[in-house]
Every structure is written in C-alpha cells, then in structure tokens.
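In case you want the letters, here they are:
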Amino acid sequence: VIAEIVSAAKGGEIVLPEEIDDGIIDNDTRIIIPPSALPTKEAVVSITFVKDALPVPNNPQIAEDNPSPLAAYHLSLKSVDGKDIAGVLLKPAILVLQFSQDSKGANGQEGKEGTPSYPGDATFDIEKLKVFRWDGVHWNQIGGKAQRNNTVIVKVDNISGLFAIFEIAEVPQVFKVYKPRPN
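Residues numbered from 1 in each chain as written. Predicted model: local features only at pLDDT ≥ 70, side-chain atom pairs only at ≥ 80, totals over all residues. Heavy atoms only, no water.

Caption draft 1: Spotlight on the sheet that holds strand 10 (residues 139-143). Spatial ordering of the open sheet is given by 1-6-7-13-9-10, a layout of six strands whose pairing is antiparallel. Strand pairing shows two members of the sheet lacking a second neighbour, strand 1 (2-7) and strand 10, which therefore form its edges. Adjacent strand axes in the sheet meet at a mean angle of 30° when their direction is disregarded. Strand direction decides the pairing type here: strand 9 (residues 129-134) and strand 13 (residues 161-167), joined by five bridges, are antiparallel. Counted as the bridge partner of Lys-130 is Phe-166 from strand 13. (Pairing = 2+ DSSP bridges. Helix = DSSP H or I, 4+ residues; strand = E, 2+ residues; numbered from the N terminus. Axes fitted to C-alpha atoms, helices over the stretch in contact; angles between N-to-C directions.)

Given below as structure tokens:
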C-alpha cells in the first residue's frame, strides 16, 4: 500500500513503489491528480495492488474466454484524520495501471517475471484492454488506452474503489440492409 497526502491547490502524483508485495514489481502504476481536483483542502490518496479475492465478472463487455483481470488495484481517498471521503473529483485525474502477461496476476496465479499479470498461458489483444471499476455488483467499463509499456491509461472522475484491467469482448458488427427506393 502506498498512501500520500495531496494538496488540493497543488495536486500531485502518487506512484506505486517498485516492489509492492512478495517480489511483485510495479513501477508504472500511478494516479496524477491535477490542481483543484480534490473535494477537500488536502486528502490522503492510496493505491493497493490486489492479487486475489476479486469479484467474478458478470458483464457481457468482458471477454468470455479471458474473464480474469490482468491486474487490479484498490484506490481510496481519506481525510488527513483517516475518515473516508467520497472519491468524486472536481476535475478528472489520470490513472495509469500496469499489467504484464507472464507473471503473478490479480487471480494469484504464479507466472514468470513477478509483475501484476494475466493468468497462465492466456493471450489477449492489447487493443481490447480497458479499465473497469467495481460498483459492488458489476464491473463497469470506464475506458482507457493500452500502451506498449504494459500500462492502460484512463481519465477518471472518481478515485475510490476497485479498478481492474480486463480484455473487452468482441462487439458484433451490425449491418443495416438498405433497399433502394423506387423512382
């Protein structure tokens, strides 16, 4: 867990330390909060890598053949005296979440390198990786764009809760048949 006090006036960047748990390496996960984004004068922002006990996806947007997240993180926003603050921001923050395809993943399976990752030998399409947020019942896609450095970057207006990277399902092409009008 990494937690830092962020000033509303200045904003700030919270970066997960390089070794986050049992040799798991993550040096790209971060939250970038712009000035005047926090709902209070200052707040404690924290990021925790989540390696197991994730809710089961029940979302048609998530690929059926790869239903486990590549990585998951819990984010929280608290007052300096430790009370929970609603994570809704006045301006969007940038969330950068790291993943790897060959290591110990959010489901707790062991892999090769020791970074947050996708389970086993599964493959995925990097263009289909998106960030989802758990609402207590379902995973909801909030978007994002995967980068070549094994991160997904997304703008968020709420930085409290459980966030995970999933591969989205194929969206079937819908074709509309047009009939020419008689003249």
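Caption draft 2: Focus on the packing of aromatic side chains. Tallying each qualifying case throughout the model produces four aromatic pairs. Consider the rings of Trp-139 and Phe-166, whose centres lie 5.1 Å apart with planes at 65°: the pair is edge-to-face. Taken as a pair, Trp-139 in strand 10 and Phe-166 in strand 13 lie far apart in primary sequence, 27 residues in all. A relative accessible area of 0% means that Trp-139 is categorised as buried. By way of ring pairs, the aromatic residues Phe-132, Trp-134, Trp-139 and Phe-166 are connected into one cluster. (Phe/Tyr/Trp six-rings, centres within 6.5 Å; stacked < 30°, edge-to-face > 60°. Buried < 20%, exposed > 50% of the residue type's maximum accessible area, 1.4 Å probe, protein only.)

Caption draft 3: Seen up close, the pairing of strand 10. Two strands pair when backbone bridges link them, and strand 9 and strand 10 are joined in this way by four bridges, in the antiparallel orientation. Across the sheet, Phe-132 pairs through a bridge with Gln-141, a residue of strand 10. Counting the residues in the hairpin turn of strand 9 and strand 10 gives four residues, including Gly-136, whose phi is positive at 100°.

None of this, on its own, says anything about what the molecule does.
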